[in-house]
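So you can see what is in the structure, the chains are spelled out below.
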Amino acid sequence: MLAVLALALVLANIALPYPDVAPLQHIPTVLLIIAAPFLLRRWPLSDGAVGAAIGFMLIHTLAGRYTYSNVPYDAWSHFLTGHTVSETFGLARNEFDRLVHLMFGVLTVPLYAEAAQRYTGASRRAALWNALLFVGAVSALYEIFEWLLTIVVAPEMAADYNGQQGDPWDAQKDMAMALIGAVLAVVPRWR
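Because the structure is a prediction, the values reported are computed rather than measured. (Residues numbered from 1 in each chain as written. Predicted model: local features only at pLDDT ≥ 70, side-chain atom pairs only at ≥ 80, totals over all residues. Heavy atoms only, no water.)

1. Overview of the overall build of the protein
Consideration 1: The helix and strand tally for the protein stands at nine helices and zero strands.
Consideration 2: When the helices and strands of the protein are listed from N to C terminus, the series reads α-α-α-α-α-α-α-α-α.
Consideration 3: Here the protein has a C-alpha radius of gyration of 17 Å; the compact-globule value for 191 residues is 16 Å, and the two agree.
Consideration 4: When the accessible area of the protein is evaluated, it comes to approximately 10,500 Å², of which 72% is carbon and sulfur surface.
Consideration 5: A distance of 17 Å separates the average location of the 11 positive side-chain charges in the protein from that of its 14 negative side-chain charges. (Helix = DSSP H or I, 4+ residues; strand = E, 2+ residues; numbered from the N terminus. Rg over C-alpha atoms; globule rule 2.2 N^0.38 Å. Areas by Shrake-Rupley, 256 points an atom, 1.4 Å probe, with all protein chains shown as cover. Lys, Arg positive; Asp, Glu negative; His and termini not counted. Charge placed at Lys NZ, Arg CZ, Asp CG, Glu CD.)

Have a look at this one:
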């Protein structure tokens, strides 16, 4: 799975449409590829949990190639169906970043819940509750980090990196999408 992610990262960096912001987007993926073998040797997880993490990072890698605001899903949809996603659903902006935040919630819950159960002895429900709280906390911290990074390190790239697309409530909506994704992942596992 890590080899697939590494290959996707290499392919995502060929003929980059936005080379100035690509390094900021791909650093987390590179760090995961380097750290994962050591972490998984120390704290093994199921293929499903690792697959969830890799799945999220593949989506992030695709978004990082184009920057979140410019993933050409409308062009792909038009090529395949003759219609765009935006016209079908009445979208005024590129919503790929919202999909990524939603998938962060969906795909983090199984990973975190399994680790919490396996390594802390938490009950299934406690692990799921903690996974939901983890997604909310990480989402908030990421939005703060994103804001600080673009203000301090790269203010001229803030619009491209953050992907706000003129929406002053972008950070709050991104956090909400992550929490909705987490709830969607927790509810069927709650029993």
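2. With respect to the environment of Val135
Consideration 1: Relative to the helices and strands, Val135 resides in helix 7 (residues 124-152).
Consideration 2: When the C-alpha positions of Val135 and His101 are compared, they lie 9.9 Å apart, and in sequence the two are 34 residues distant.
Consideration 3: Beyond its immediate stretch of four places on either side in the chain, Val135 contacts Phe104, Gly105, Thr108, Val109, Ala178, Leu179 and Ala182. (Contact = heavy atoms within 4.5 Å.)

3. Focus on the environment of Gly51
Consideration 1: With respect to the helices and strands, Gly51 occurs in helix 3 (residues 47-66).
Consideration 2: Separated by 60 residues in sequence, Gly51 and Leu111 have C-alpha atoms that sit 8.8 Å apart.

4. Some words on the pattern of salt bridges
Consideration 1: Taken as a whole and assessed by the stated rule, the structure comprises eight salt bridges.
Consideration 2: A salt bridge links Asp97 to Arg98; the shortest N-O distance between them is 3.5 Å.
Consideration 3: On the basis of relative accessibility, which here comes to 8%, the residue Arg98 falls in the buried class.
Consideration 4: Note that Arg118 is salt-bridged to Glu114, the shortest N-O span being 3.3 Å. Of the two residues, Arg118 and Glu114 are both situated in helix 6 (residues 96-120); the distance of four residues between them amounts to about one turn of the helix.
Consideration 5: Residues participating in the shared-partner salt-bridge network are Arg93, Glu95, Asp97, Arg98, Asp170 and Asp174. (Salt bridge = Lys/Arg side-chain N within 4 Å of Asp/Glu carboxyl O. Buried < 20%, exposed > 50% of the residue type's maximum accessible area, 1.4 Å probe, protein only.)

As far as function goes, none of this settles anything; it's purely spatial.
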